[in-house]
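Spelled out, the chains give:
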Amino acid sequence: MASEAVSTISSPTASLWQSLVEAVRGSHQDYTAVSLNRAILLLAVPMILEMVLESLFAVVDVFWVGRLGANAVATVGITESLLSLIFAVGMGLSLSTTAMVARRIGEKDPEGAAVAAVQAIVLGIVTSIAIGVPCWLYAANLLHLMGASSDIVATGAGYTRIALGGGGVVLLLFLNNAIFRGAGDAAIAMRLLWVSNIINLILDPCLIFGLGPFPRLGVTGAALATFTGRGIGVLYQFYRLMRGTERIRILVRQLRVNLEVLLRLMRVSLTGIMQFAIAHTSWIGLVRIVSVFGAAALAGYTIAIRIVIFVILPSWGLSNAAATLVGQNLGAKKPERAEQAVWRTGFYNMLFLGSLGVFFIFFAEPIIRLFTHDPAVVPLGTTCLRIISCGNVGYAYGMVMLQAFNGAGDTVTPTIVNLFGFWLFEIPLAYWLAIPMKLRSNGAFISIVVAEGAIAATSAVLFKRGRWKTQQI
C-alpha cells in the first residue's frame, strides 16, 4: 500500500518532468487534439526559453556597456528606440507568418505551410535591404534627430550604424523562428537562439574591451558581437528549413514567388507592421520626452526598460504559444478550444508576471546596481523599474489577448487598440505628467502603466465578442 501511495504521489511530478523534457527536445504531438494544458506546456516551455535567450542579447549588452559610462548607455537606449522600428517590421511579418503557417498546419497542409514560409522569407530579405542601407548611411544623423548630444554621437555612431544597418538579421531571425513556431516546432526556434547567444556572450566583452587578439571597439563592439551572433543564427535557420522537420520542410521546387500567397501575406503583414510600429514608435516618443531631463534620466530609463524586456519577453513566449494554438485550432475547426486556450494562457501569464512585478518593486535598487553604480543614474533607474512593475498584471493579459487576435489572422483589431492606447493616450499623458505636471521622467513612467492597463481591458472586451473566430487567412 505504501509503495502504491508513493507511486500515486510521484506520478504527477514524473509526468510533468517528462512533459518538460519532451517540450525542450521537441514534441511530436498534434496540438489540436492533445489535452489543452499539455498543449500549452509543450508549446510554451520552448517559446519561453526562446524569448529568455532573445532577451539575453539586450541584457548582456547593457551589462557590459554600463561599464563605459552614461553616454554609452544613452547611445544604446536611443539606438534601441530606433531599432524598435525594425522590430516592428519583423514582428509584423512574423505574426502574419505564424498565423498562416499555423492555419495550414491545422488544416493538415504542410505543402501550403512551406509555400507560405518561402513567401515570408522573400518579404523579409527585400525589407531588410530597404531598411538597412539608409540606416547604415545616415546613422549619425539619426542620433542627432533623436536629440543626442555631440558627445553621444561621437561615442555611439559606430554602434548605431551596425545595429540599425545590420537590423536585417534581427528581422530574419524573428521571421524564420515564426515559421518554426507556426508549425509547432518551437524547440527548434529555441535551440537556434542558444547558438546565437553563446556567440554573443563570448564576443561581447572581447570586442568591447579588446580582450586577447580582439580589437578594443568600445560600445561599437557590443553591436558587432550581437550582429555576428544573430547572423550565424540566421544561417543555421535556413539550413534547418531546407533540411526539414517533421512538420515543415522547404523543398527546392518551392523556392519561387507565389504571387497569390505573397499578396495575401502582405495584406495581413501590413496591418501587423502598423500594429507594432504604433507600439514601438511610442517608445521613441517616450525616449524623446525622457531625454529632456538629461543623460542620467535616459540611462536610468534604458537600464530599467532592458530589465523589463528581459522579464516580458518570456511572457511573449506564452503569448506566442496562445497565437499558435489559436491558428492551429481554427484551422482544425475548433474555435471554442482556441478561445479556452487564450484565457488559460492569460491566467498563467498573469501569475508569472505578477509575481515578478512584486519582486522588482521590493528589490529594484540592487537589481539596477548590477548594471551601473553611477550615483545619478541608480535612483532614476530604481524609480522607473518600480513604477513600471506595478503594471505587470495588465501587461500579462494584454499581450496574450492581442497575440490571440494575431494568431487568428485579425491584425486590424490590435492595430486600432495600439493606436488609441499608445499614441492618442500614452504619449499625451506622458508629456502632460512629465512637463506641465512637473513629475519629470516619473510622469513618462507612470503613463506606461496607465496606458498598458487600458489596452489590456479593451483587448479583453473585444476578444470576448468573438469576431476573430470567423477570420480567414
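Computed from a predicted model, the values in this text were never measured in an experiment.

## Digging into a nonpolar patch on the surface
- A contiguous nonpolar surface patch, about 630 Å² in accessible area, is contributed by I125, I129, V133, W136, L137 and Y138.
- Here I125 is to be found in helix 4 (residues 110-137).
- Judged by relative accessible area, I125 falls into the partly exposed class, the value being 38%.

## Comments concerning the confidence of the model for the protein
- Residues with a pLDDT of 70 or more make up 96% of the protein, whose mean pLDDT is 86.
- Across residues 1-10, confidence stays below pLDDT 50; counting only partners more than four residues off in sequence or on other chains, it has 0 contacts.

## Overview of the pattern of salt bridges
- Summed over all chains, the structure comprises 9 salt bridges.
- Residue R253 pairs with E111 through a salt bridge whose shortest N-O separation is 3.1 Å. Of this pair, R253 sits in the loop between helix 9 (219-243) and helix 10 (259-291) while E111 sits in helix 4, and the two are 142 residues apart along the sequence.
- The class of R253 is exposed, set by a relative accessible area of 54%.
- R369 is the partner of E365 in a salt bridge, and the nearest nitrogen-oxygen pair spans 3.2 Å. One end of the pair, E365, and the other, R369, are both in helix 12 (residues 335-369), 4 residues apart, so they sit about a helical turn from each other.
- A residue is classified by how much of its surface remains accessible, and E365, at 33% relative accessible area, is partly exposed.
- By relative accessible area, R369 is classed as partly exposed at 34%.
- A cluster of three or more residues bridged by salt bridges with shared partners is formed by E336, E339 and K469.

## Re the packing of aromatic side chains
- Within the structure shown, the criterion is met by 11 aromatic pairs.
- Ring centres of F63 and W64 lie 5.1 Å apart, and the angle between their planes is 80°; this geometry places the pair in the edge-to-face category.
- What makes W64 partly exposed here is its relative accessible area of 25%.
- Centroid distance W64 to F209: 5.8 Å. Interplanar angle 75°. Geometry classified as edge-to-face.

## Side note on the side chain of N349
- You can see N349 is positioned in helix 12.
- Exposure remark for N349: the relative accessible area of 0% places this residue in the buried category.
- For N349, the side chain forms a polar contact with the side chain of S315, separated by 2.8 Å.
- Polar side-chain contacts of N349 include one of 3.0 Å to the backbone oxygen of A396.
- Residues within four places of N349 in sequence aside, it is in contact with S315, L318, S319, A396, M399 and V400.

## What to know about unusual backbone geometry
- The phi dihedral of K438 is positive, around 60°, even though this residue is not glycine.
- One non-glycine residue, R440, lies in positive phi territory at about 55°.

## Concerning helix 9
- For helix 9, built from 25 residues, the straight-helix expectation of 36 Å at 1.5 Å per residue is met to within 8% by its first-to-last C-alpha distance of 37 Å.
- With its phi angle positive at about 95°, G244 sits one or two positions after the end of helix 9.

## As for the nonpolar core
- With 91 residues, the main nonpolar core has V65, Y301, I303, I307, V326, L385 and W468 as its most contacted residues.
- Top contributing element to this core by residue count: helix 11 (residues 295-331), with 17 residues.
- Apart from residues no more than four positions distant in its own chain, V65 is found in contact with A72, V73, V76, I208, V219 and A222.
- Membership of the second largest hydrophobic core comes to 31 residues, among which are V89, I250, L265 and I473.

## Quick word on the packing of helix 3 (residues 70-106) against helix 11
- Relative orientation of the contacting elements helix 3 and helix 11 amounts to 5°, with a least axis distance of 11 Å. Judged on the interaxial angle alone, helix 11 and helix 3 are roughly parallel. On helix 11, the residues touching A70, V73, A74, V76, G77, I78, E80, T98, A102, R103, I105 and G106 of helix 3 are L298, A299, T302, I303, R306, T324, G327, Q328, L330 and G331.
- Counted by class, the contact of helix 3 with helix 11 contains 11 nonpolar, 8 polar and 3 charged residues.

Cut-offs used in this document
Residues numbered from 1 in each chain as written. Predicted model: local features only at pLDDT ≥ 70, side-chain atom pairs only at ≥ 80, totals over all residues. Heavy atoms only, no water. Patch = residues over 30% accessible without salt bridge, like charges linked within 9 Å, V, L, I, M, F, W, Y side chains within 5 Å. Areas by Shrake-Rupley, 256 points an atom, 1.4 Å probe, with all protein chains shown as cover. Salt bridge = Lys/Arg side-chain N within 4 Å of Asp/Glu carboxyl O. Helix = DSSP H or I, 4+ residues; strand = E, 2+ residues; numbered from the N terminus. Buried < 20%, exposed > 50% of the residue type's maximum accessible area, 1.4 Å probe, protein only. pLDDT = per-residue confidence, 0-100. Contact = heavy atoms within 4.5 Å. Phe/Tyr/Trp six-rings, centres within 6.5 Å; stacked < 30°, edge-to-face > 60°. Polar contact = N/O pair within 3.5 Å; in protein donor to acceptor, adjacent residues only side chain to side chain. Expected span 1.5 Å × (residues − 1). Core = buried A, V, L, I, M, F, W, Y, C linked by side-chain atoms within 4.5 Å. Axes fitted to C-alpha atoms, helices over the stretch in contact; angles between N-to-C directions. Parallel < 35°, antiparallel > 145°, perpendicular 65-115°, else oblique. Nonpolar A, V, L, I, M, F, W, Y, C, P; charged D, E, K, R; others polar.

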